[in-house]
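As a plain string of letters, each chain reads:
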Amino acid sequence: MTIVPESEIAGLMDAASAFDAVEATFAAMASGDAYNFPVIREAIGHEDALYGFKSGFDRKALALGLKSGGYWPGNEARGLTNHQSTVILFDADTGRVKALVGGNLLTALRTAAASAVSIKHLARPDSKVLGMIGAGHQSAFQMRAACAQRDFEKVVGWNYHPEMLSRLEDTAKELGLPFEAVSLEELGAQADVIITITSSHEAQLMADWVRPGTHIACMGTDTKGKQEVDAALLAKAVVCTDEIAQSTTIGEAQHAVAQNLITAADITEIGAVINGSHAGRTSADQITLFDGTGVGLQDLAVAAKVVDLAREKGVAQSVLF
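A few points on the structure. (Residues numbered from 1 in each chain as written. Predicted model: local features only at pLDDT ≥ 70, side-chain atom pairs only at ≥ 80, totals over all residues. Heavy atoms only, no water.)

**Considering the pattern of salt bridges**
Close approach of charged atoms lets side chains of opposite charge pair.
So, step 1. Enumeration according to the criterion identifies 12 salt bridges in this entry.
So, step 2. For Glu180, the salt bridge is made with Lys154, and the minimal N-O distance between the two is 2.6 Å. You can see Glu180 sitting in strand β10 (residues 179–181) and its partner Lys154 sitting in strand β9 (residues 154–158), a full 26 residues away along the chain.
So, step 3. Given the relative accessible area of 23%, Lys154 is considered partly exposed.
So, step 4. Here Arg211 makes a salt bridge to Asp192, at a shortest N to O gap of 2.6 Å. Within this pair, whereas Arg211 is found in the loop between β12 (201–205) and β13 (215–218), its partner Asp192 is found in the loop between α6 (184–190) and β11 (193–196), the two being separated by 19 residues in sequence.
So, step 5. Residue Asp192 is classed as buried on the basis of its relative accessible area, which comes to 5%. (Salt bridge = Lys/Arg side-chain N within 4 Å of Asp/Glu carboxyl O. Helix = DSSP H or I, 4+ residues; strand = E, 2+ residues; numbered from the N terminus. Buried < 20%, exposed > 50% of the residue type's maximum accessible area, 1.4 Å probe, protein only.)

**Considerations on the pairing of β13**
So, step 1. Burial of the side chains of β13 extends over both faces: His215 and Ala217 are buried on one face and Ile216 and Cys218 on the other.
So, step 2. Here β11 runs beside β13; their pairing, made up of four bridges, is parallel. Residue Val193 lies in a different strand from β13, and its bridge partner there is His215.
So, step 3. The pairing of β13 with strand β17 (residues 288–291) spans four bridges and is classified as parallel. Within the sheet, the bridge partner assigned to Ile216 lies in β17 and is Leu289. (Pairing = 2+ DSSP bridges.)

**Brief notes about the sheet that holds β11**
Pairing between sheet strands relies on hydrogen bonds along the backbone, with the strands arranged either parallel or antiparallel.
So, step 1. Taken in spatial order, the eight strands of this open sheet run β10-β9-β8-β11-β13-β17-β15-β16, and their pairing is parallel. Pairing within the sheet leaves two strands with one partner each, and these edge strands are β10 and β16 (267–269). Each strand of the sheet is rotated relative to its neighbour by a mean of 20°, with strand direction disregarded. (Axes fitted to C-alpha atoms, helices over the stretch in contact; angles between N-to-C directions.)

Here it is, written out as structure tokens:
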């Protein structure tokens, strides 16, 4: 069994490689070559933690395995990231354990890559203002990945805790972009692309605040009950997602579906846009929305790539199992 510890991930996987892996995974899902298994996600009744499993199989890449982990809100006080995860890969031919891979940085990179894929395929080419809702740890990864897809000239941001906005400002400065802290209504009025990356359980961005032509990537809702945007916004938008079953049950679309504003038939897998079987955006004034729920196949794809790179560079640890 190959072991790639968390300490080695930063030297092996970068944002561009994560983007390529995730884009290919979404395409494989839409073509029927890959599928995810049902998600298990539970509050464990200890440390306010959420814990679960995401898994799947890619027949084309022969990627089989799972990501185990979750969210421990008290970890920051311990000097740890709140999200903790590990990816386990299995040999698709024999079922034997193949690799154990640290999943914290990989999760951040693959989540940012998913929104970036949606921006590449759905946002207007002339998008100039990036709006960020949320300023937690993941927000910096999201901003960097987004700015690799469009020539943004400005970043506007909002966070429930304004004192955390320095993370957005610092990241924008790193990217050579001006940053402005704004209200949510002003953010909707200015932004061409909006990324929501919060743990909210109620709508923050209202449908009437979003102007025609905007692309929204909703990346924070991955559990039943969470919500970042007005359900009416999905009724106004061309809605795409990573996986429809997750979108309607644990993703942002759960609320619009529950209110009978849309149905599963109104949602398209982003892989279909990548493969060209769905047009995606067809006019400059359409609102497009990507519901990024996070699928196990994303984790398997980036982990498999890391294992290959670790072996090539001689930093993989091997143990008999």
